[in-house]
Amino acid sequence: MLRLPPFEVAEPTTVAEATRILKERPGARAMAGGTDLLPNMKHEITTPGLVVGLWGIPGLRGVTLDGGHLKIGALSSLHALSEDPLIRAHLPSLAEAVGQIAGPQLRRMGTIGGNVCLDTRCVYINQTYFWRQALGFCLKKDGTVCHVVKGGRRCVAAASNDSAPVLMSLDATLKLESAEGTRIVPIDDFYDSDGVFNQQRRPDELLTEISVPLPKPGTIAAYTKLRTRAAIDFPELGVAVLAERAEGLVERIEVCVTALAARPVRVPLPLEALKGRPLDAALIDQVAAEAYRRCKPLKNIATEPAYRREMVPVFVRRAFRLALARASA
Amino acid sequence: MKQLVAFEINGDPVEVAAPVHHTLLEVLRYGLGLTGSKQGCDKGDCGACTVLVDGQPVLSCLTLAVAARGKQVVTIEGLAKNGRLDPVQDAFDRCGALQCGFCQSGMMISARALLNEHPCPTREQTKLALSGNLCRCTGYTKIFEAVDAAALQEADPKA
């Protein structure tokens, strides 16, 4: 039995009220679906005195097409997005990613905003307080050492959000609202490499909307996920790919990965050497090899880093094959 | 700190004084005595605590009781109607789809949610719908067969 430590609950009905409470009560935590926050509270990885429940705020759910952008309300459930006609038609790789998060119940509870803001995960942190205490704690919470990187001074808990690499490949922007005002942040700038907290979001800010530009005609994209079981598990590796083509020739190509480091990463690719070529097996192999060279997983997840690294090119190739098959279907 | 939370449980209105840091599962089991929903991993991995909230299968161990205010909650105790088992329960019994039984409440609630949405599910749909419920005894085959049997019975009650 895992009990929640005592806390208070606020149930604001507007974004303005929620952000005012978050500003007035430092240490308060916003909660959307609660599927990440509540287990972490049960493990005493975070122990807020006040939980600001967002479930009573209307208007933050659903997808709309607005001037060439798809606007996704942050409280949209992962299940709803995986079945949303606009998402499936225009952003199939996003539908694919959110449809593979956790299991059916958690997808009905969890939100896209919550997945973007998911806390980092590590085999040494997502454990009970008793377990963590027995090990002498770690950098992320209550301790001063890292058990992944001996002598490490920076937490390397892994970004584990399936949505992040896809939204990165799609050039999404995030709308952050607070009592101070609203700012729009490109998703590449939203994440930091610090596993303790890997986001630029201030504690008093709420992610309220995700905006994704409509992909150009002929764009193909897909998401593939490595995990031990085909359900429930967090990714051990997540690969989002995207290619823009004109008359069959590559104009732009993106590979974004998650679950390897503290932040989701856009793999640097030599675009000039890839542009103007057909998206054939030789080109995909070249991109996969480049991703292999750039990705160096750590022992922050139970699965062996060497195995996860070997899987990088495999999953890059699978993702491109999936995207091509979908485009020709 | 406690709050009065009014919601509907298995068709009946109920009002409970719940500590705000208690989960819906704790209120069901320890406040209302409805111990059919099981407390397994208590952190969202196993699915044993699955209940329907407004028709959707969710995990009651990760739902705050106060967030259930005004909702319709259905637990395993609410499946049988007027002394008759739900076709899902009957099929699980007939097919021998349970051994120790710990996962069954959640498993049957997930199966009920599936059949409400897809009265005639494919095996793939069944596997996906039950993929958030872990069973350590059966190997799942008889569970999938029970879902098929329940679907058949609902399609033709005389069969």
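Every value quoted in this text rests on a predicted model; they were computed, and no experiment measured them.

1. Considerations on the nonpolar core
- Counting 72 residues, the largest nonpolar core has Ile72(A), Leu94(A), Ile210(A), Phe7(B) and Leu64(B) as the members making the most contacts within it.
- Of all hydrophobic cores here, the second largest spans 29 residues; its members include Val239(A), Val250(A), Leu269(A) and Val287(A).

2. Considerations on the interface of chain B and chain A
- Taken together, the contacts link 35 residues of chain B with 29 residues of chain A.
- Contact between chain B and chain A buries roughly 2500 Å² in total, counting both sides, with carbon and sulfur atoms accounting for 61%.
- A per-residue breakdown of the area chain B buries against chain A is headed by His21(B), Leu62(B) and Leu64(B), which together make up 24% of the total.
- Between chain B and chain A we count four salt bridges in total.
- At the boundary of chain B with chain A, the tally comes to 11 residue pairs in polar contact (both at pLDDT 80 or more).
- Per-element accounting of the side of chain B that touches chain A gives the leading share, four residues, to strand 4 (residues 56-59) of chain B.

3. Quick word on the pattern of salt bridges
Residues and elements named next belong to chain A.
- This model, assessed by the stated rule, comprises 32 salt bridges over all chains.
- The shortest N-O distance in the salt bridge between Asp-171 and Arg-252 comes to 3.0 Å. In this pair, Asp-171 is assigned in the loop between helix 9 (163-169) and strand 6 (173-178) and Arg-252 in strand 11 (residues 249-258), connecting sequence segments 81 residues apart.
- Here Lys-299 ties to Glu-304 by a salt bridge, and the two come within 3.2 Å at their closest N and O atoms.

4. Things to note about the domain arrangement of chain B
All names here are of chain B.
- Taken domain by domain, chain B comprises domain 1 (2-75) and domain 2 (87-155).
- One C-alpha centre belongs to domain 1, the other to domain 2, and the line joining them spans 22 Å.
- If you look at the interface, domain 1 gives 14 residues, while domain 2 gives nine residues.
- Counting each side, the surface lost to burial between domain 1 and domain 2 is near 890 Å², with a carbon and sulfur contribution of 66%.

5. Remarks on the environment of Asp86(B)
Residue and element names in this part refer to chain B.
- On the secondary structure map, Asp-86 appears in the loop between strand 5 (72-74) and helix 2 (87-95).
- Classification of Asp-86 as buried rests on a relative accessible area of 11%.
- It is 9.9 Å that separates the C-alpha atoms of Asp-86 and Ile-76, two residues lying 10 residues apart in sequence.
- Residues in contact with Asp-86, not counting those within four places in the same chain, are Leu-79, Ala-80 and Arg-112.

6. Considering the sheet that holds strand 5 of chain B
All names here are of chain B.
- One open sheet accounts for five strands, arranged 2-1-5-3-4; its pairing is mixed. The open sheet has two free edges, formed respectively by strand 2 (12-19) and strand 4, since each of these has just one partner strand. On average, adjacent strands in this sheet sit at an angle of 45° to one another, irrespective of strand direction.
- Direction of pairing for strand 3 (residues 50-53) relative to strand 5: antiparallel, over a ladder of two bridges. The residue of strand 5 that forms the bridge with Val-53 is Val-73.
- Its contacts with the sheet place helix 3 (residues 104-117) against strand 3, strand 4 and strand 5, and it is angled at close to 35° to strand 3.

7. A closer look at the packing of aromatic side chains
- In total, this model carries three aromatic pairs over all chains according to the counting rule given.
- With 5.0 Å between their ring centres and 85° between their planes, Phe190(A) and Tyr191(A) make a pair best called edge-to-face.
- Residue classification places Phe190(A) among the buried positions, given a relative accessible area of 0%.
- Summarising the aromatic geometry, the rings of Tyr140(B) and Phe144(B) are spaced 6.3 Å apart at their centres and angled 20° between planes, so their arrangement reads as stacked.
- Here Phe144(B) falls in the buried class, since its relative accessible area comes to 11%.
- Seen from the ring of Tyr292(A), Arg309(A) lies directly overhead, with NZ or CZ sitting 4.3 Å from the centre.

Quick notes on the rules
All chains use their own residue numbering, which begins from 1 and follows the written sequence. Chain labels run from A onward and ligand labels from 1 onward, assigned in the order the entries are written. Whole-chain, interface and lining totals are the exception, using all residues; otherwise, since this is a predicted model, local features are given only for residues with pLDDT of at least 70 and side-chain atom pairs are given and counted only at 80 or more. Hydrogens are left out, water is left out, and the side-chain values use all remaining heavy atoms of the structure. We call a set of buried Ala, Val, Leu, Ile, Met, Phe, Trp, Tyr and Cys residues a nonpolar core when their side-chain atoms join them within 4.5 Å. Throughout, exposure labels follow a simple rule: accessible area from a 1.4 Å probe, protein chains only, divided by the maximum for the residue type, with under 20% read as buried, over 50% as exposed, and the rest as partly exposed. Only heavy atoms matter for contacts: two residues are in contact if any of them lie within 4.5 Å across the pair. Reported buried area values correspond to the accessible surface (1.4 Å probe) lost by two parts on association, with both partners' losses combined. The salt bridge definition used is simple: a Lys or Arg side-chain nitrogen within 4 Å of an Asp or Glu carboxyl oxygen. Side-chain atoms alone can form a polar contact between residues adjacent in sequence; in general such a contact is a pair of N or O atoms within 3.5 Å, and within protein one must be able to donate a hydrogen while the other accepts it. Strands here mean DSSP runs of E at least two residues long; helices mean DSSP runs of H or I at least four residues long; both are numbered from the N terminus. These domain boundaries are the output of an automatic or database domain assignment. Between any two strands, pairing holds if DSSP finds at least two bridges. Angles run from 0 to 180 degrees between N-to-C directions of axes, and those axes are lines fitted to C-alpha atoms, restricted for helices to the stretch in contact. Note on ring pairs: Phe, Tyr and Trp rings are taken, using the six-membered ring of Trp, and paired if centres are within 6.5 Å. Classes follow the plane angle, with under 30 degrees stacked, over 60 edge-to-face and the rest tilted. Only when the NZ of Lys or the CZ of Arg is both within 6 Å of the ring centre and within 35 degrees of the ring normal is a charge said to sit over the ring.

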